[in-house]
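Structural description and commentary
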Amino acid sequence: MTSPREIFVSVDVETAGPIPGEYSLLSIGACSAFDPDNGFTVEVKPINDRFDPKALEVTGLSMDELRQRGLDPEAAMKVFSDWLAILAGPDDTLVFVGFNAPFDWSFVNYYFHRFAGQNPFGFTALDIKALYMGATGSSWRDTRSSKIAEHLKPTLAGTHDPLEDARYQAEIFRLIDTALIPSRGLADQRSAGDRIEADKDKIDDAVLALLFLSLDHDGRAWKGFDWDAMNRLHEKGYIGNPVGKAKSVVLTEDGVKRSEILFRKLFARTC
């Protein structure tokens, strides 16, 4: 009997201030730590008008603009939860991974419980700074991102874009896992699909073909597929924006036509 997989998810947030409830969560970025191309990001409407000017200066975000374009907190946490459900199966364990995880965790945990009723990550998180300290025996002072980057030499860098920062954190996490504690073998817990180099265009074709299965006369289909694939189909002009409260997505005219062509090509029975 195999043990349940542990799915490590790198998460970064941008906020209006230092503590949840008093200040708003403004954006979330996340990615699979061992498959960073599989990522998620969402901007969130502020829950109040309070903000620390220094926090907004760092992020470059605007409270007024987020009130217009951000998702309501309920919707934002729902789409985040939906993406996590695609990433991990019902028997898998999601592991929240953050750089200075207590900060990011506090906002994500608060928002999940307040606006979604439960936190898919449970009640624990893995802090990359603490992991590095344990792996190297360094001082806490030397767990600053600049010091760790000087040691491990990642190819990415922090930008205060939450998704890009999540991917940067994930790279640091992988470097610690492989270079400093290789006996842990966390990467070996990835799914088989994560370990195979996939042709994303073929994945997109298969997802678009499967959308044809639930396509109704209004051009709307259920959207419970890989989040990155859905985003790519949106960028290719085949579907509307998949981010939102609705559990379905609208196919464009070209999307409807191509989905039928691909469905017939991939799944139609031939004589």
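In this report, the structure presented in the accompanying data block is examined. These numbers come from a predicted model, not from an experiment. (Residues numbered from 1 in each chain as written. Predicted model: local features only at pLDDT ≥ 70, side-chain atom pairs only at ≥ 80, totals over all residues. Heavy atoms only, no water.)

Observations regarding the environment of proline 18
Selection rule: Helix and strand labels come from DSSP, where a helix needs a run of H or I of at least four residues and a strand needs a run of E of at least two; each type is numbered from the N terminus. Contact between two residues is taken to exist if any of their heavy atoms lie within 4.5 Å; hydrogens are not considered.
As for its position among the elements, proline 18 is in the loop between strand S1 (6-15) and strand S2 (25-32). A sequence separation of 88 residues divides proline 18 from serine 106, and the C-alpha atoms of the two residues are 9.8 Å apart. Proline 18 has contacts with Tyr23, Phe103 and Phe107, leaving out every residue within four places of it along the chain.

Points about the pattern of salt bridges
Applicable threshold: Salt bridges are identified by distance alone: a Lys or Arg side-chain nitrogen within 4 Å of an Asp or Glu carboxyl oxygen. Only protein chains enter the accessibility calculation, which uses a 1.4 Å probe. A residue is then buried if its area is under 20% of the maximum for its type, exposed if over 50%, and partly exposed in between.
Scanning the entire structure with this criterion turns up 15 salt bridges. In this structure, arginine 67 engages aspartate 49 in a salt bridge whose closest nitrogen and oxygen atoms are separated by 2.7 Å. Here arginine 67 is found in helix H2 (residues 63-69), whereas its partner aspartate 49 is found in the loop between strand S3 (35-43) and helix H1 (53-59), with 18 residues between them in sequence. We classify arginine 67 as partly exposed; its relative accessible area is 29%. By relative accessible area, aspartate 49 is classed as exposed at 56%. Among the salt bridges present, the one from lysine 78 reaches aspartate 82, with a minimum N-O distance of 2.8 Å. Linking lysine 78 with aspartate 82, this pair stays in helix H3 (residues 73-87), spanning four residues, or about one helical turn. Here lysine 78 falls in the partly exposed class, since its relative accessible area comes to 33%. Given a relative accessible area of 28%, aspartate 82 falls into the partly exposed group. Each of the salt bridges in this network shares a partner with another, and the network as a whole consists of Asp201, Asp204, Arg232 and Lys236.

Concerning the sheet that holds strand S5 (residues 126-127)
For clarity, the threshold we go by: Pairs of strands are assigned from DSSP output, requiring at least two bridges between the strands.
If you walk across this open sheet you meet the five strands as S3-S2-S1-S4-S5, and the pairing is mixed. Unpaired on one side and paired on the other, S3 and S5 mark the two borders of the sheet. Two strands pair when backbone bridges link them, and S1 and strand S4 (residues 93-98) are joined in this way by five bridges, in the parallel orientation. Following the sheet pairing, isoleucine 7 is matched in S4 by leucine 94.

Some points on the pairing of S4
Our working rule: For a crossover, the right-handed case is the one in which the path from the first strand over the helix to the second runs clockwise, viewed with the strands pointing away from the viewer.
Buried residues dominate S4, accounting for five of its six residues. The pairing of S4 with S5 spans two bridges and is parallel. Residue valine 97 lies in a different strand from S5, and its bridge partner there is leucine 126. For the segment spanning S4, helix H4 (residues 101-115) and S5, crossover handedness is right-handed.

A short note on the packing of helix H6 (residues 145-152) against helix H7 (residues 162-180)
Quick note on the threshold: Between the N-to-C directions of two axes lies an angle of 0 to 180 degrees, each axis being a line fitted to C-alpha atoms and, for a helix, fitted only over the stretch in contact. The scheme is simple: roughly parallel for angles under 35 degrees, roughly antiparallel for over 145, roughly perpendicular for 65 to 115, oblique for anything else. The hand of a helix crossing depends on one turn: near helix anticlockwise from the far one by less than a right angle means left-handed, and clockwise means right-handed. In this count, Pro and Cys sit with the nonpolar residues alongside Ala, Val, Leu, Ile, Met, Phe, Trp and Tyr, while Asp, Glu, Lys and Arg are called charged and the others, Gly among them, polar.
Between H6 and H7, the shortest axis-to-axis distance is 11 Å and the interhelical angle comes to 50°. Overall, the two elements H6 and H7 adopt an arrangement that is oblique. Considering how the two elements wind past one another, H6 and H7 form a crossing that is left-handed. From H6, Ser145, Ile148, Ala149, His151 and Leu152 reach across to H7, where they touch Tyr168, Ile172, Leu175, Ile176 and Leu180. Among the residues making up the contact of H6 with H7, the classes are represented as eight nonpolar, two polar and no charged.

Overview of the side chain of aspartate 92
Definition in use: Residues adjacent in sequence count toward polar contacts only when both atoms are side-chain atoms; beyond that, a polar contact is any pair of N or O atoms within 3.5 Å, and within protein one must be able to donate a hydrogen and the other to accept it.
Structurally, the position occupied by aspartate 92 is in the loop between H3 and S4. One polar contact links aspartate 92 to arginine 5, side chain to side chain, over a distance of 2.7 Å. Of note is the side chain of aspartate 92, whose polar atom sits 2.7 Å from the backbone nitrogen of glycine 89. Those residues in contact with aspartate 92 that lie beyond four places of it in its chain are Arg5 and Ile7.

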